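Examining the three-dimensional arrangement
For reference, the chains in residue letters:
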Amino acid sequence: MKSLSYIGILCIIGLFIYLIFSGEENVRSFEFTYQVDLESDNNNKTTMKTWIPVPQTIKGVQTISNEKIKYNKDKLECSKLTEDIHKNKYYYCEAKNNKIEKASVILTWDVKRMEHQNTAFDIDSDIYKKGTKFVPVGEPRFSTVIDKGELRPEKNKPIDFKKIYDYVLNGMHYGKPTDDENDANYKYVHGGKNKNTGKEWLPKEITYGEKNIPHNQLVKSQNKAQKYAYGQGNARYACDIGVGNCTDYHSYFISLCRTLGAPARFHMGFNIPPDERKSGEGDVKGYHCWADYYKKDKNGKGTWYPVDISEADKDPNKAEYYFGTLNKDRVEFTTGRDLKLKGRAKKENFFIYPLFEGTKKMKKGKDFSFKYKNI
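The notes below deal with the structure included here. (Residues numbered from 1 in each chain as written. Predicted model: local features only at pLDDT ≥ 70, side-chain atom pairs only at ≥ 80, totals over all residues. Heavy atoms only, no water.)

This next bit is on the overall build of the chain. Within the chain, the regular secondary structure consists of 6 helices and 17 strands. A globule of 375 residues ought to have a C-alpha radius of gyration of about 21 Å, and the chain, at 23 Å, matches this closely. When its C-alpha atoms are laid out on the principal axes, the chain stretches across 85 × 55 × 45 Å. Sorting the 375 residues of the chain into buried and exposed places 49% on the buried side. Considering only contacts within the chain whose residues lie at least 6 apart along the sequence, 70% involve residues at least 24 apart. (Helix = DSSP H or I, 4+ residues; strand = E, 2+ residues; numbered from the N terminus. Rg over C-alpha atoms; globule rule 2.2 N^0.38 Å. Buried < 20%, exposed > 50% of the residue type's maximum accessible area, 1.4 Å probe, protein only. Contact = heavy atoms within 4.5 Å.)

Here is the structure:
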């Protein structure tokens, strides 16, 4: 009898240990460093300024702690502010005089990020029914897609968000069209292959988007001056041309959801390279974005469900996973579009990289950069 008791106790202890460690597999902790090195444009009429986004704790999603900011207080004045509509936080820094040629701002945070699914947030969902400059609502092109894809629910039936997700996933192709051989994105339209599928990113034998653009017109379709191009988060472009990055996939998804009357949100942050080493650290190459949509259950309780359609397109084996689940290898910084920040003349399309005034042209990886270190 005693041996059975010991066995029972050992089983309970083993189960307890398993639950602890299995839970930890869905959590990642790391230090994130955001560095901005400012250099003046040497124009006495302009003051050197920068705006830097700040991540926040989101219950059930991520915990942000131990924030540190380092800058020369003799050269710069920095203040932490909150954007009005979506409550994003950011630092606004400006030079104390125009004789300053260079200055740096280094921000670090400890991040605990959880793999998560649907979450109930205490926010006003109606804010996320409205259109923005590049994520419009109710335009004929979106109504046409909704009818074509049979996305409109029958009377008294709920919206099938999986059908919207699948329509965008099947209609979009990941790529960044350019003919510049020196551009890292050259591969997308010139035979480069997706390592997850072994297939070309943008095959020559098909047409793209609702406008059925042939492969040889993809580069010509870009109009960055009008923000009708990949990487602008322009839902019109994404619908018409069907080639782009995460901003384009999720803007398109949001316009379709909102046109059907469903709130949907746009999120920006960074993918952190998968790295299980305790000592792991390295560079974070660039931003990432995703979306979530709002759905009420039969009792009227509203919940936000995440989607990451561009990651699903890059790795089709994870298409089901990314409908309703986000992994732990990321950190969120900002939510929403058309953001009004202190001292900026116009609303910001989105906000993840630092913004500048009174500086030379600033380049990612050289004048501003991002790093992670596992903790």
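This paragraph deals with the environment of Y165. Here Y165 lies in helix α3 (residues 161–171). Assessed through its relative accessible area of 0%, Y165 is described here as buried. Y165 sits 157 residues away from Y322 along the chain, and the two C-alpha atoms are 9.8 Å apart. When residues no more than four places from it in sequence are discounted, the contact partners of Y165 are F253, V307, D308, I309, A312, A319, Y322 and F323.

Before going further, it helps to spend a moment on unusual backbone geometry. One non-glycine residue with positive phi stands out, namely N156, at about 65°. Mapped onto the secondary structure, N156 falls in the loop between α2 (140–148) and α3. Assessed through its relative accessible area of 75%, N156 is described here as exposed. Even without glycine at this site, D338 takes up a positive phi of about 55°.

For the structure on display, the rule yields 1 disulfide. Between the sulfur atoms of C78 and its disulfide partner C93 the distance amounts to 2.1 Å. Measuring the twist about the S-S bond at about 120°, one finds the C78-C93 disulfide to be right-handed. Separated by 15 residues along the polypeptide, C78 in strand β4 (residues 76–82) and C93 in strand β5 (residues 89–95) bring together distant segments of the chain. The thiol sulfur of C239 is not disulfide-bonded, and the nearest other cysteine sulfur, from C257, lies at 14 Å. Overall, C257 belongs to the buried group, its relative accessible area being 0%. (Disulfide = S-S within 2.5 Å.)

Among the nonpolar cores identified, the biggest contains 81 residues, and F32, Y34, Y252, F253 and F270 are the most heavily contacted of them. With 7 residues, helix α5 (residues 246–259) is the largest single contributor of residues to this core. In this structure F253 touches F161, I164, Y165, V168, A291, Y293, V307 and I309, once residues within four positions along its chain are discounted. Counting residues in each nonpolar core, the second largest holds 7 residues, with W51, Y92, F351 and L355 among its members. (Core = buried A, V, L, I, M, F, W, Y, C linked by side-chain atoms within 4.5 Å.)

Once that is clear, we can look at α5. Relative to the 20 Å expected for 14 residues at 1.5 Å per residue, α5 spans 20 Å between its end C-alpha atoms, a close match to the ideal helical length. Buried residues dominate α5, accounting for 14 of its 14 residues. After α5 finishes, the residue G261 shows a positive phi value of roughly 90°. (Expected span 1.5 Å × (residues − 1).)

In this structure the tally under the stated criterion is 32 aromatic pairs. Both rings, one in Y293 and one in Y305, keep their centres 5.4 Å apart while their planes meet at 10°; by these two values the pair is stacked. Here Y293 is found in strand β13 (residues 287–296), whereas its partner Y305 is found in strand β14 (residues 302–307), with 12 residues between them in sequence. An aromatic cluster is built from F32, Y34, W109, F266, F270, Y287, F333, F350, Y353, F356, F368 and F370, whose rings are joined through pairwise contacts. Just above the ring of F323 sits the side chain of K162; from NZ or CZ to the centre is 5.9 Å. If you follow R265 out to its NZ or CZ, it ends over the ring of Y128, 5.8 Å from the centre. (Phe/Tyr/Trp six-rings, centres within 6.5 Å; stacked < 30°, edge-to-face > 60°. Lys NZ or Arg CZ within 6 Å of the ring centre and 35° of its normal.)

Bringing a positive patch on the surface into the picture now. A contiguous patch of positive charge, built from K187, K195, K285 and K364, is present on the exposed surface. One can find K285 in the loop between β12 (281–283) and β13. (Patch = residues over 30% accessible without salt bridge, like charges linked within 9 Å, V, L, I, M, F, W, Y side chains within 5 Å. Areas by Shrake-Rupley, 256 points an atom, 1.4 Å probe, with all protein chains shown as cover. Salt bridge = Lys/Arg side-chain N within 4 Å of Asp/Glu carboxyl O. Lys, Arg positive; Asp, Glu negative; His and termini not counted. Charge placed at Lys NZ, Arg CZ, Asp CG, Glu CD.)

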